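Commentary on secondary and tertiary structure
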There are 2 protein chains.
Amino acid sequence: MAGNKTLNDLFVETLKDIYYAEKQILRALPRMAKKAESEELRAAFERHREETEVQIERLDRVFEIVGKAPRGKTCDAIIGIIDESKEVMEDFAESDALDAGLLAAAQAVEHYEISRYGTLRTWAKQLGMNDAVKLLEQTLAEEKKTDELLSQLAEAAVNRKAA
Amino acid sequence: MAGNKTLNDLFVETLKDIYYAEKQILRALPRMAKKAESEELRAAFERHREETEVQIERLDRVFEIVGKAPRGKTCDAIIGIIDESKEVMEDFAESDALDAGLLAAAQAVEHYEISRYGTLRTWAKQLGMNDAVKLLEQTLAEEKKTDELLSQLAEAAVNRKAA
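No experiment lies behind these values; they were computed from the predicted model shown. (Residues numbered from 1 in each chain as written. Chains lettered and ligands numbered in written order. Predicted model: local features only at pLDDT ≥ 70, side-chain atom pairs only at ≥ 80, totals over all residues. Heavy atoms only, no water.)

1. Section: helix α2 (residues 39–65) of chain A
All names here are of chain A. The first and last C-alpha atoms of α2 sit 39 Å apart over 27 residues, in line with the 39 Å expected at 1.5 Å per residue. Every buried residue of α2 is accounted for by L41, A44, F45, H48, T52, Q55, I56, R58, L59, V62 and F63. Directly after α2, the chain includes G67, whose backbone phi takes a positive value near 70 degrees. (Helix = DSSP H or I, 4+ residues; strand = E, 2+ residues; numbered from the N terminus. Expected span 1.5 Å × (residues − 1). Buried < 20%, exposed > 50% of the residue type's maximum accessible area, 1.4 Å probe, protein only.)

2. A word on the pattern of salt bridges
Using the criterion set out here, one finds 20 salt bridges over all chains in the structure. One network of salt bridges, with partners in common, ties together E13, K16 and K73 of chain A together with E87 of chain B. (Salt bridge = Lys/Arg side-chain N within 4 Å of Asp/Glu carboxyl O.)

3. So, the packing of helix α1 (residues 7–35) of chain A against helix α3 (residues 76–91) of chain A
Residues and elements named next belong to chain A. Between α1 and α3, the least distance of the axes is 10 Å, while the angle of their chain directions is 10 degrees. Of the possible angle classes, the one that applies to α1 and α3 is roughly parallel. The segment α1 lies against α3, with Y20, A21, Q24, I25, A28, R31, M32 and K35 engaging I78, I79, I82, K86 and M89. Residues of the contact of α1 with α3, tallied by class, amount to nine nonpolar, one polar and three charged. (Axes fitted to C-alpha atoms, helices over the stretch in contact; angles between N-to-C directions. Parallel < 35°, antiparallel > 145°, perpendicular 65-115°, else oblique. Contact = heavy atoms within 4.5 Å. Nonpolar A, V, L, I, M, F, W, Y, C, P; charged D, E, K, R; others polar.)

4. Regarding the nonpolar core
Formed by 111 residues in total, the largest nonpolar core has its most connected members in F11, F45 and I78 of chain A together with F11, F45, I78 and L136 of chain B. Apart from the residues lying within four places of it in its own chain, the contact partners of F45 of chain A are L29, M32, A33, A36, L102, A106 and L150 of chain A. (Core = buried A, V, L, I, M, F, W, Y, C linked by side-chain atoms within 4.5 Å.)

Structure follows, in structure tokens:
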């Protein structure tokens, strides 16, 4: 019964959601790297793909902490976000604005992850799972850093234009 | 042809995307407010609904600046994010974790908006549309503030638990 559900259940559900999301992101990043025009953006996507592998391993450890087998659960949000990125890649293929579109798509992905890891970190704290808090905070810090790097790349395009 | 598309086209497409998203959010917030257990959370959702109306008016003005009629375009990302919030509302109805789930869903929405407004602001700068930059920055600041407020509400639950 729904009424009997606890924060621990919500934590596990959300863990499955981001686990699924990370696996989708792992598949999407090489496609995005391949499309990127600028060397810097391609490198950023490739680096983030490697980072994502480590982030999935951390999630495996959080599943262990809650005593559940690591398993994803369809995450409509990330499917929608990635579908939009595919649309931009098609609609702006070979246009000058393609990299800007890829950057925007990647930042939407990062922000989804930032919101999920922030939430999971807060709940892990509330549930007294200190080891999980540390793992989730590590990833949260990485996602924020990646988002900042992408913002810098987007701003650099503005400055190049102005120069 | 895709190859002829410009950053201005991408800006307009993304403007339509967030316009659609804001209208969906405007419809979702009263549902979420109605479900919220805590008075503070309900008030936060109601306040954000009013804020969203003003944000849509700002988007109308940005459409005017680019010389286009304000029109939305299906945004798969926000549909996915809102679908997830509906799922949480159903799965955790009448449970103690419902407000935590609503908070998490709202923060996923905020982060999508933060990424989109951040992107649009940067592109408006690049396109030399200073009035649009100002309007988009106002909304961006509001979204960040709302996200912080939601984080505070989530943290307050942790502290209540610890007390």
